[in-house]
Amino acid sequence: MTQATSRTPDPAASASARPLPAVAREHRGWPVIGRSLEYARDPVGLFEKQWAAYGPVSPLRILGDPWVMLLGPDACATALTNPDKAFVNGPAWSYLVGPFFDRGLMLLDGEEHHVHRRIMQQAFTRPRLEGYAAAMHAPIARGLDAWRPGPGFPAYPALKELTLDVAAEIFMGGAESTDRAEMARVNAAFIDCVQSAAALVRRDLPGTRWRKGLRGREVVERFLRDYLPSRRARESDDLFSQLCHVESEEGERFSDDDVVNHMVFLMMAAHDTSTITLSTILELLGKHPAWRERCRAESLALGEAPTLAELDSLVSLDLVMKECLRLRAPVPVVVRRTVKETVVEGVRVPADRYVIVAPQFSHLMPSLWSDPTAFDPERFSPERREDRSHRFAWEPFGGGVHKCLGLFFAGAEVKAVMHQLLRRFDWSVDPAYVAPMNNHSLPFPADGQPVDLVHRTA
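Note that this is a predicted model, so its numbers are computed, not measured.

Asks: What exactly am I supposed to notice about helix α10 (residues 209-233) here?
Replies: Because an α-helix completes one turn every 3.6 residues, residues spaced three or four positions apart along the sequence face the same direction. In this model, α10 (25 residues) spans 37 Å end to end at C-alpha, consistent with the 36 Å of a helix rising 1.5 Å per residue. Of all bends in α10, the biggest is about 35°, found at Tyr-227, and the proline Pro-229 comes one to four residues later. Burial in α10 covers these residues: Trp-210, Gly-213, Leu-214, Gly-216, Arg-217, Val-220, Phe-223, Leu-224, Tyr-227, Leu-228 and Arg-231.

Asks: What's the story with the side chain of Asn-439 in this structure? I'm lost.
Replies: Within the secondary structure, Asn-439 sits in the loop between β11 (437-438) and β12 (444-445). Asn-439 sits in the buried class, given a relative accessible area of 9%. A polar contact is formed between the side chain of Asn-439 and the backbone oxygen of Ala-40, at a distance of 3.2 Å.

Asks: I'm lost on the packing of helix α12 (residues 256-287) against helix α15 (residues 315-327) in this one. Help?
Replies: Between two packed helices, what matters for the description is the angle formed by their axes and the separation of those axes. One way to put it is that α12 packs onto α15 with a least axis distance of 9 Å and a crossing angle of 105°. Considering the angle they form, α12 stands roughly perpendicular to α15. Note on element contacts: α15 touches α12 through Val-320, Met-321, Cys-324, Leu-325 and Leu-327, opposite Thr-277, Thr-280, Ile-281, Leu-284 and Leu-285. Looking at side-chain class alone, the contact of α12 with α15 contains eight nonpolar, two polar and no charged residues.

Asks: Sorry, what's going on with the packing of aromatic side chains here?
Replies: Within a pair of aromatic rings, the relevant descriptors are the distance that separates the centres and the angle that separates the planes. Per the stated rule, a full pass over the model turns up 17 aromatic pairs. The interplanar angle of 75° and the centroid separation of 6.0 Å between the aromatic rings of Tyr-132 and Phe-409 together place this pair among those described as edge-to-face. Of this pair, Tyr-132 sits in helix α7 (residues 126-145) while Phe-409 sits in helix α17 (residues 407-424), and the two are 277 residues apart along the sequence. Exposure remark for Tyr-132: the relative accessible area of 4% places this residue in the buried category. Of the residues examined, Phe-409 reaches a relative accessible area of 6% and is grouped as buried.

Definitions and limits used
Residues numbered from 1 in each chain as written. Predicted model: local features only at pLDDT ≥ 70, side-chain atom pairs only at ≥ 80, totals over all residues. Heavy atoms only, no water. Helix = DSSP H or I, 4+ residues; strand = E, 2+ residues; numbered from the N terminus. Expected span 1.5 Å × (residues − 1). Bend = angle between axes of the 7 residues up to and from the residue. Buried < 20%, exposed > 50% of the residue type's maximum accessible area, 1.4 Å probe, protein only. Polar contact = N/O pair within 3.5 Å; in protein donor to acceptor, adjacent residues only side chain to side chain. Axes fitted to C-alpha atoms, helices over the stretch in contact; angles between N-to-C directions. Parallel < 35°, antiparallel > 145°, perpendicular 65-115°, else oblique. Contact = heavy atoms within 4.5 Å. Nonpolar A, V, L, I, M, F, W, Y, C, P; charged D, E, K, R; others polar. Phe/Tyr/Trp six-rings, centres within 6.5 Å; stacked < 30°, edge-to-face > 60°.

The structure is reproduced here in C-alpha cells:
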C-alpha cells in the first residue's frame with residue numbers, strides 16, 4: 001500500500017480535475033439541517049454511504065450549508081498537509097465552536113499559529129512532561145479513593161470528574177481550590193461549550209444549546225481569570241504558570257488574553273478526549289479479560305507512582321490504547337474551510353467551502369486494516385505495524401502543522417490513570433454490550449457506560 005507524501009500542486013492536474021458532483025436527491029437529508037442528524041445517529045454509517053456513492057471526495061449539506069467530506073487516507077492527507085495552502089482551520093472551527101474556544105491554538109492559522117505553537121511547545125518539552133507525569137499520581141489516587149464500586153458502576157461520568165481533577169492539578173496547580181461544587185460548575189460549563197457545536201439554532205436565544213455554550217464560556221473564563229494574577233506573579237510547574245512565563249527562542253511570549261484562551265481550549269481538550277479514550281479502554285478490557293490481565297501484570301511490576309519513562313514501558317497498555325484510539329477516535333472528524341479552489345483526489349473543491357476530514361473512516365478501512373472492527377491490539381506490535389500501511393492510516397491526533405501538541409501528555413495521562421485502575425480494581429463488561437454513543441459533538445456513551453467494578457482482593 002502507498003505511503004502519503006507531501007505533494008506540490010500540479011497545474012495540469014487542476015486543469016484535468018473533475019468538478020465536485022452535485023448532491024444527489026437521495027442524499028440531501030432533511031430541509032435546512034441536511035444530514036446533521038444522520039451524522040449524530042451513526043457517523044461511520046454516514047461515512048460509508050458517502051464513500052459508496054461518491055468516493056473520497058463527496059458533497060453533502062449540513063445546517064443549510066454546502067460542505068465537502070474527505071474520506072480515506074489520501075484525501076485526508078491532502079487537507080492535513082495542505083500543500084497548496086487552500087485549507088484553513090480558523091473559519092471552520094469558529095463556525096462550530098468559535099465563541100466557546102475563541103483563539104485556542106486549533107483556531108489559529110498561518111504565521112500567527114506558527115508563533116503561538118512555537119511558544120507553547122516550550123510548555124511540552126520532555127523535562128516538563130516528566131514533571132506533569134509525576135504530579136498526576138496524587139490527584140488520580142484521590143479521585144479513585146472516592147469511587148464506590150458495584151454492579152453497573154457509571155464509568156464515564158466518574159472518569160470525566162477524575163480527568164478534570166487531573167487537569168486542574170497539572171494545568172493549574174490545583175487552583176488553590178478543593179471546592180467540589182466549583183469544579184462541578186466548571187465541568188458542566190465545559191460540557192455545555194462542547195455540546196454547543198451541534199446546536200441547530202446558532203444564536204444567543206433562550207433555551208438554546210448555543211446560549212448554554214456562551215454562558216459556559218463565561219464561567220470557565222471567570223474561573224481562569226481569577227487565578228491569572230497569581231500565575232503571572234510567580235513561576236511554578238503547573239501549565240497555567242508555564243504559559244504565563246514561557247517564551248520562544250525568539251523571545252515571544254503570550255499576553256493575558258492569549259493565556260486564558262489557550263487554557264480554556266487546552267483544559268477542554270485534555271480532559272474530554274482523555275475521558276473518551278479511558279472509557280473505551282475500560283469497556284474493551286472489560287470485554288477482553290486476557291488483555292486486561294496482560295496489562296495488569298505490567299503495572300503490578302512497577303510502583304504506584306511510575307515515572308514518565310516507566311509509563312512509556314507499559315507496552316501492552318500502549319498497544320491497547322492505540323487500538324482504542326483507532327476503534328473510537330475521540331475526535332472522529334476535523335473541519336477546515338477552503339480559501340481558494342483546490343484539487344483533492346482528482347476532484348475540484350470550490351473556494352469558501354466547509355470541509356469535513358474524517359480520520360475515523362480511515363481507521364476502519366478493510367484495505368488498511370485486517371478485520372478492522374475487531375479489537376486486536378497486536379496489530380500495532382513491531383511484528384505487524386498495520387498502522388504503517390499508509391502514513392495517514394492512523395491519525396487520532398490529526399496531522400500536519402495542526403497535529404495535536406499535547407499527544408504525549410495525553411498518552412501519559414491515560415496510562416497513569418489506567419495504571420492505578422489496574423492495580424486497584426477488577427471489572428467486567430458484557431461482551432454483547434454496545435455503547436449507545438452520543439455523537440452530537442465529541443462522542444461519549446449516553447448511558448454513562450456501566451461496568452461491573454470491584455476492588456481487587458489480591
